[in-house]
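# A look at the structure
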Amino acid sequence: MPAPKKRQNSYAWRIWAVVGVIGLGGIIVTLRLIQLQIIDHGQYAEQARQNHVSQVAVSDRRGAILDRNGYPLAASEDSFNVMVERGAWENPAEALGAANKLSGITGVPAAEMVSIVDSVDVFEVPVAKSLNLEQANAVRELDLAGVRLLEGSSRVYPEGNLAAHLLGFVGQDGGGLTGLEADMNSELGGAAGTLTFERDGLGRELAIGDRSETPALPGSDVVLTIDRYIQRLAEQEIDKIIKERSAAGGTIIVVQPKTGEVLAMASRPNFNLSRPDASDESKQALFRNRAITDTYEPGSVFKLFTTAAALDLGLVTPDTTWYDSGVVKVDGWSIRNWNFSANGSQTVQQFLSKSLNTGAAWLAGLCGPDRFYDYVHRFGFGSLTNSGLSGEAEGKVRTPENDPEWRSVDAATNSFGQGISVTPLQIAMGLAAIANGGTLMEPQFVRQVIGPFGTQTVEPQPVRQAISPEAARTLLDMMGVVVDGMSNYLDVSGYRVGGKSGTANITSENGGYKPSAYISSFAGIAPLDDPQLAILVKVDEPKDVPWGTVVAAPSFGRIVEKALAYMKVPPTEPVLVRGVQ
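Conventions and cut-offs
- Residues numbered from 1 in each chain as written.
- Predicted model: local features only at pLDDT ≥ 70, side-chain atom pairs only at ≥ 80, totals over all residues.
- Heavy atoms only, no water.
- Helix = DSSP H or I, 4+ residues; strand = E, 2+ residues; numbered from the N terminus.
- Buried < 20%, exposed > 50% of the residue type's maximum accessible area, 1.4 Å probe, protein only.
- Contact = heavy atoms within 4.5 Å.
- Areas by Shrake-Rupley, 256 points an atom, 1.4 Å probe, with all protein chains shown as cover.
- Expected span 1.5 Å × (residues − 1).
- Phe/Tyr/Trp six-rings, centres within 6.5 Å; stacked < 30°, edge-to-face > 60°.
- Lys NZ or Arg CZ within 6 Å of the ring centre and 35° of its normal.
- Salt bridge = Lys/Arg side-chain N within 4 Å of Asp/Glu carboxyl O.
- Patch = residues over 30% accessible without salt bridge, like charges linked within 9 Å, V, L, I, M, F, W, Y side chains within 5 Å.

### Some words on the overall build of the protein chain
When helices and strands are tallied, the protein chain shows 19 helices and 21 strands. Burial statistics for the protein chain: of 581 residues in total, 46% are counted as buried. Within the protein chain, counting contacts between residues at least 6 apart in sequence, those at least 24 apart form 72% of the total. For the protein chain, the exposed area adds up to about 28,700 Å²; of that, 52% sits on carbon and sulfur atoms.

Written as structure tokens, this is what we have:
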């Protein structure tokens, strides 16, 4: 009877197979449960938490930017964003009706608001931003379903576009994009906090859910060295020149020589600080601070620094003479005076007053290339000024050490400001060094940072002694004689001032110089007895008359007269008062 036994074995095999499958499945399920509940517990718990818990960044008020006297140049004020729940505007007719009511208050087209809500796949979206308190109250009175106000802040500029390039602007997220708003974003922006809360399936905060908040820290206030009155003087003058001379642009910088503090920095073309259009690439060039980013050949203004080198080396005095034949030949090139004159026997003072190119080349030859370029670098040319402003250019100084194609004629042309590139700020700080007894200072734009944990004061920073105090004093007196011969264009009542004009060619992108295009400038110091101001006036491509004496010097005089009176600097010379008949 073998058949029944085989049948029993077959049943037993099937039973054990089932038991094995069940057992294996149990083991797999158990291992999976161990993985989910023990090994990967933290990961899935976090995912579950994220499904019903939201965490958002919160920020406090952005710090203000103040002028040296505490007047706000940029500040934050309370504002409101209009938030709309996507689900509340699912019905097109109801959405358009609500949007029309909001449009009358916010100024945002109704169709645009509806489109914003339809284009996103989130619970809530802003349809109008930066409303003031009056507008916000009007939105509240509408009491529209799915519409709420989110409190925040927006950037305002109480002085309009004053110092726009220096201040810069912020983006939609409140972070700095250009200028000091970007360079000091960490100080101005403070520290972000977090808000954590439980939400329902629609993403709304649960009224009885857990809620925790890490508070944000407010931004620090930044006090600048800029004086809003002197800044406005500078901007009014550069606008006046551009209008009168049909110029392409320009820059005016005012520096306090003893500290290196920049009292004013104005550049044109300008832009609307409150409504900058960063999306338009054609307008982005307007945002750059040309006083630090744009380089140019300074022209005859640079003769001040060539003279400074020769005086400091003891090679010449103001009365030292040389013979001006009207031409200097170097490396086969003929260097002539700007007016093609030949003046015969001349003193160093006459060279500076008449702005003779041949005299500058002669002085550079006396110094020799090594010493000449040593002084060029001492005054800060060819290197960054450590202004702390982003985008600053270092200019270009070709020397025997850094350029194998350098020739002696390069030093000769560099001596009167050709073949060398500088920024307006470099010229202003080099000028301030002459006014400061020969000590070059770092340019200073920030005086204090006032934060939640105290006040940090920025101290003036000397860089180096460019020339001796004696050489600086001699050069100041020489600059005074230069201005004495410019009385038709520059006559500052009550103060003795000094300076030097410049008229420079503009380099072309394709090499050489642009035809009939010039940069007119004047670099001046006032008063000479106790210098309080070092001022550079630079005008780009004035029409008709290119001479710095005619174009730029009068603006220097007007700024000096008003600024010194404002600063309560007493006159150093008798002031003639004419009676009114």
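Read on, since the account is not over.
### Quick notes on helix α11 (residues 303-312)
By the criterion of burial, α11 is predominantly enclosed, with nine of the 10 residues buried. Buried within α11 are the following residues: Lys303, Leu304, Phe305, Thr306, Thr307, Ala308, Ala309, Ala310 and Leu311. Residues of α11 that are buried in the fold lie against α12 (348-354), α13 (357-367), α14 (369-378), α16 (424-435), α17 (469-484) and β19 (498-507). Trailing α11 by a residue or two, glycine 314 shows a phi angle of about 75°, which is positive.

### Side note on helix α19 (residues 553-566)
The terminal C-alpha atoms of α19, which comprises 14 residues, lie 20 Å apart, in line with the 20 Å expected from a rise of 1.5 Å per residue. If you check which residues of α19 are buried, you get Ala553, Pro554, Ser555, Phe556, Gly557, Ile559, Val560, Ala563 and Leu564. Buried residues along α19 sit in contact with α9 (228-245), β9 (249-256), β19, β20 (513-526), β21 (533-540) and α18 (548-551).

### Description of the packing of aromatic side chains
Taken as a whole and assessed by the stated rule, the structure comprises 13 aromatic pairs. The aromatic ring of phenylalanine 80 is capped on one face by arginine 140, whose charged end is 5.4 Å from the ring centroid. Lying over the aromatic face of tyrosine 71, arginine 228 brings its terminal NZ or CZ to 3.5 Å of the ring centre.

### Describing the pattern of salt bridges
Enumeration over the complete set of coordinates arrives at 23 salt bridges. The salt bridge involving glutamate 181 is made with arginine 155; its shortest N-O contact spans 2.8 Å. Of this pair, glutamate 181 sits in helix α7 (residues 179-183) while arginine 155 sits in strand β5 (residues 147-156), placing them 26 residues apart in sequence. For the residue pair glutamate 181 and arginine 155, the accessibility class agrees, reading buried in each case. Where arginine 232 meets glutamate 159, a salt bridge forms, and the shortest distance between an N and an O atom there is 2.9 Å. Here glutamate 159 lies in the loop between β5 and α6 (164-167) and arginine 232 lies in helix α9, a separation of 73 residues in the sequence. Overall, the relative accessible area of 33% leaves arginine 232 in the partly exposed class. Counted as one network, the salt bridges with shared partners bring together Arg62, Arg155 and Glu181.

### Thoughts on the environment of threonine 507
Residue position: threonine 507 is located in strand β19. Each C-alpha atom of the pair threonine 507 and serine 421 lies 9.9 Å from the other, and the pair is 86 residues apart in sequence. Excluding its chain neighbours within four sequence positions, the residues that come into contact with threonine 507 are Glu297, Gly512, Tyr513 and Lys514.

### Regarding a nonpolar patch on the surface
On the surface, Leu24, Ile27, Ile28, Leu31, Ile34, Ile38 and Ile39 cluster together to form a nonpolar patch covering roughly 710 Å² of accessible area. Following the sequence through the fold, isoleucine 39 ends up in helix α1 (residues 3-39).

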